[in-house]
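The residues making up each chain are set out below.
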Amino acid sequence: MQETAVVTVFLRHGTDVLLLRRSDRVGSYRGRWGAVAGHAEGDPDAAARQEIREETGIDPHESTTLVRRGDPFTVVDADLETRWVVHPFLFDCETRDVDPNEETAEHEWTAPTAILRRETVPDLWTSYDRVRPGVETVATDRQHGSAYLSLRALEVLRDEAALAVTGQDGARDWQGLRATARDLATARESMPVVRTRLDRAATDAIEGGGTPERLEAAADAGLERALAADREAASIAADRLQGARIVTLSRSGTVRQAIVGAEPAAVLVAESRPGGEGVDVAGILAASLDCPVWLTTDAALAHRFAAWNADVLLVGADAILGDGRFVNKVGTRGAAVAASHDGIQTVVVAASDKITPATDPDLEERDRAELTDDESVVVANPTFDVTPGDVVDAVVTERGVLDADEVAAVADEHRELATWRR
């Protein structure tokens with residue numbers, strides 16, 4: 001039997017993946033749905049990127065980011081006398097514009113759970129299962145913001161519910177699905193948006209009868225609602241900041257959308273240690289905007305406000321507390337206080353699902369080894385800090401600009417959503 005190494009590559013845009021139906025021009029599995037795929041002689045990583053370019057027309061270096069390589073597995077096709085060694089990959093993709101080659105009869109961006117309901121190439125779900133998010137993804141990811149992780153959490157819940165609906169071996173029953181929802185909702189105590197969005201989906205499912213079908217639908221609706229909320233919050237902020245000289249830090253998809261929509265006169269980005277994600281953000285904005293994009297160190301940011309003639313400090317939030325304070329990447333407090341001192345407004349843009357009744361936030365500590373391996377030194381290496389509400393000029397959400405009373409009212413709403421876990 002012939003052994004052939006292949007790659008299966010899932011491109012994800014938002015919460016959808018790209019599926020391709022194989023044409024009559026291919027040698028095997030004609031008419032079936034698959035992902036980007038091809039032979040992987042030698043270097044599967046290079047083959048994955050080559051197949052992205054050849055089968056979609058998307059530049060894998062400019063428009064995609066590797067999320068995960070899955071462990072390879074074997075699929076035996078006795079009819080073809082072939083043992084396929086499958087190397088699964090998942091990439092986040094910045095575009096939906098696809099120019100397929102002759103190997104594809106049609107293509108569709110859709111929820112990955114569609115794989116469970118279509119005629120696909122062998123073991124396509126097994127490939128996706130090896131790269132899809134799980135509870136551990138939400139609990140351990142230190143590279144992405146809370147809005148991104150809330151989407152991943154809802155995807156986990158949707159996928160697990162769909163496995164139950166379609167009767168897959170090993171699928172969780174209703175009580176198991178509730179336990180998964182509970183685990184996801186508490187996976188990141190520092191990120192209430194994860195908890196709130198899971199709470200809403202679980203509450204909707206329970207009120208709808210407590211079935212896997214209802215939970216899958218509620219998770220799908222939650223994903224659509226979350227994406228719409230983030231877009232609307234960004235749009236409202238962009239309208240407010242048209243043509244401004246904007247300062248920002250850390251990585252927030254909502255902030256990035258707002259900046260692009262504002263068509264700013266200039267942007268200044270702090271490097272955003274620890275992690276340094278501001279460096280990548282500056283590069284992305286420079287490629288997206290027709291204006292100067294500056295990058296500076298965290299230590300120099302406050303000094304640059306006045307010298308750079310900044311109009312506004314625009315930041316996201318991992319949590320907006322019911323008392324008006326907000327939690328964001330460490331360094332935000334110092335930047336906001338300095339901006340207030342210099343008469344520069346601070347604007348927070350975030351979906352209202354980030355509002356929480358909590359008053360004692362979990363600020364998460366990073367690895368002490370990032371600073372020193374000297375065990376005689378007491379290390380504080382927080383991921384987040386807390387900024388007082390009195391230095392914030394506006395909290396912009398998809399519901400509009402919220403005042404203190406409105407923030408408190410939303411916090412009360414979210415407290416009620418959590419009752420299913422008690």
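Please refer to the structure placed before this passage.
Let me sum up the structure you'll find in this document. (Residues numbered from 1 in each chain as written. Predicted model: local features only at pLDDT ≥ 70, side-chain atom pairs only at ≥ 80, totals over all residues. Heavy atoms only, no water.)

## Some points on the environment of V86
Note that V86 resides in strand β7 (residues 82-93). For the pair V86 and A40, spaced 46 residues apart in sequence, the C-alpha separation works out to 8.8 Å. Other than its neighbours up to four places away in sequence, V86 contacts V6, T8, D71, P72, F73, V75 and S127. (Helix = DSSP H or I, 4+ residues; strand = E, 2+ residues; numbered from the N terminus. Contact = heavy atoms within 4.5 Å.)

## Quick look at the pattern of salt bridges
Side chains carrying opposite charge are able to pair once their charged atoms draw close together. The full count for this structure, using the stated rule, is 30 salt bridges. Across the pair D92 and R12 runs a salt bridge, and its minimum N-O distance is 2.8 Å. Here R12 lies in strand β1 (residues 2-13) and D92 lies in strand β7, a separation of 80 residues in the sequence. Taken as a pair, D92 and R12 share a single burial class, namely buried. Note that E370 and R366 form a salt bridge whose closest N and O atoms lie 2.8 Å from each other. Given a relative accessible area of 41%, E370 falls into the partly exposed group. One continuous salt-bridge network, built from bridges that share partners, spans D129, R132, R158, D159, E160 and R172. (Salt bridge = Lys/Arg side-chain N within 4 Å of Asp/Glu carboxyl O. Buried < 20%, exposed > 50% of the residue type's maximum accessible area, 1.4 Å probe, protein only.)

## Brief notes about the side chain of E155
Residue position: E155 is located in helix α5 (residues 146-165). A distance of 2.8 Å separates a polar atom in the side chain of E155 from a polar atom in the side chain of R152. When neighbours within four sequence positions are excluded, E155 is seen to be in contact with R12, G14, T15, P133 and L223. (Polar contact = N/O pair within 3.5 Å; in protein donor to acceptor, adjacent residues only side chain to side chain.)

## As for the packing of α5 against helix α7 (residues 192-207)
Between α5 and α7, whose axes approach to 8 Å, the crossing angle comes to 30°. Relative to α7, α5 is oriented roughly parallel. Handedness of the crossing formed by α5 with α7: right-handed. The residues of α7 that touch α5, namely those facing S146, A147, L149, S150, A153, L154 and L157, are V193, V194, R197, L198 and A201. Of the residues belonging to the contact of α5 with α7, the class tally is nine nonpolar, two polar and one charged. (Axes fitted to C-alpha atoms, helices over the stretch in contact; angles between N-to-C directions. Parallel < 35°, antiparallel > 145°, perpendicular 65-115°, else oblique. Left-handed = near helix turned anticlockwise from the far one by under 90°. Nonpolar A, V, L, I, M, F, W, Y, C, P; charged D, E, K, R; others polar.)

## Description of the environment of V260
Along the chain, V260 turns up in helix α9 (residues 253-262). Linking V260 and S288, residues 28 residues apart in sequence, is a C-alpha distance of 7.1 Å. Dropping the residues within four chain positions of it, V260 is found in contact with L285, S288 and L289.

## Observations concerning the sheet that holds strand β13 (residues 319-321)
With mixed pairing, four strands are arranged side by side in an open sheet as β16-β13-β14-β17. Since the sheet does not close on itself, it has two edges, and those belong to β16 (355-356) and β17 (384-387), each with one partner. Across two bridges, β13 lies against strand β14 (residues 326-329) in antiparallel orientation. Of the residues in β14, the one forming a bridge with I320 is F326. (Pairing = 2+ DSSP bridges.)

## Considering the packing of α5 against helix α8 (residues 212-240)
Put simply, α5 and α8 touch, their axes get as near as 8 Å, and they point 160° apart. Considered as vectors, α5 and α8 are oriented roughly antiparallel to each other. Between α5 and α8 the crossing geometry is left-handed. Of the residues in α8, those touching α5 at A147, L151, L154, E155, L157, R158, A161, A162, A164 and V165 are P212, E213, L215, E216, A219, D220, G222, L223, A226, L227 and D230. Here the contact of α5 with α8 is built from residues that sort into 14 nonpolar, one polar and six charged.

Just distances and angles here, no functional claims.
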